[in-house]
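# Fold and contact review
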Amino acid sequence: MTVVVLAAVPLVVFACGGQNNSAVGDAKLPSGAGSKGLDHQECSESGNKVEVLDTNGDGKPDIRRIYNKGTGREICRIVDLNHDGKPDMYEYYDASGTVSRREYCYDDTAVVNAIEYYDGGKLSRREYDTTGMHKIDTWDWFDGSAPTDPKTGRPTHPSRRERDVTGDGHIDQWWTWTGDTVSIAVDSNGDGKPDPASTINLDKTGQVASADTSGASSAPPPAAPAASSAAPATPPAPAAAGDAGATPAAAADGGKP
């Protein structure tokens, strides 16, 4: 692994994906991306110390770690998870060095399309674009005291979810988990409220356990995506030696989208 520590350098704005083959430090966030519904938080190198890591020895930086020059504390990092020369994840830290936010890119649209928020190193909320329309359509909330997957240390699912399935800017699905069963209430008449008579219950395999459509419109409610396919999967952690690619609080930060 090659490690290069640079002095403070001019500001470079990064984005996920992109169509060029340049290294991580060359990708740029498209103008107006934030106004489309996803709020990309700046990870500024200006006035800070930058550590560049090449974790796979291909001569291109895979991780850029930005430190406060005065305190030496890491502020944020930018990671190329799949070694294609394009940022896939941004990670931000609070004053204690604990992860407070992550942003992901799951495609080559050059736009951040998933944002995770952390409280005390544990995933508390997530919002993401599942349709590629560059605006948030799914919101998840997590219970920090919920059981976690023993293999990943992350919750197996959110405690609740809201979705804008039609893309009109209004919530039309409400998901609530009770154990491994999820109840999905649907707004089938467009009044902006969940219709109890159109509730669908899915078991842990994603199969319909029960559905009450009595009194509902004759038109079927919008199909509810299976819990495992409602959003892109979280990318794998970057391979690295020692602390080079380590992710703080990775064992306690919550389930995959």
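Since we're looking at a predicted model, the values are computed, not measured. (Residues numbered from 1 in each chain as written. Predicted model: local features only at pLDDT ≥ 70, side-chain atom pairs only at ≥ 80, totals over all residues. Heavy atoms only, no water.)

Another point: the overall build of the protein. When helices and strands are tallied, the protein shows zero helices and 14 strands. Taken from N to C terminus, the helices and strands of the protein fall in the order β-β-β-β-β-β-β-β-β-β-β-β-β-β. Within the protein, contacts between residues at least 6 apart in sequence are counted, and of these 42% link residues at least 24 apart. For the protein, the accessible area works out to roughly 12,100 Å², and carbon and sulfur atoms hold 52% of it. (Helix = DSSP H or I, 4+ residues; strand = E, 2+ residues; numbered from the N terminus. Contact = heavy atoms within 4.5 Å. Areas by Shrake-Rupley, 256 points an atom, 1.4 Å probe, with all protein chains shown as cover.)

For the rest of this paragraph, the subject is the nonpolar core. Within the largest apolar cluster, 14 residues are counted, with the highest numbers of intra-cluster contacts made by C43 and I66. Breaking this core down by element, the ones donating at least two residues are β2 (49-54), β4 (74-79), β5 (89-93) and β7 (114-119). By size, the runner-up hydrophobic cluster in this structure holds eight residues, among which are L53, I63, V79 and L81. (Core = buried A, V, L, I, M, F, W, Y, C linked by side-chain atoms within 4.5 Å. Buried < 20%, exposed > 50% of the residue type's maximum accessible area, 1.4 Å probe, protein only.)

When the pLDDT values of the protein are averaged, the result is 73; 66% of them are 70 or greater. Confidence drops under pLDDT 50 across residues 1-15; counting only partners more than four residues distant or on other chains, this segment forms 56 contacts. (pLDDT = per-residue confidence, 0-100.)

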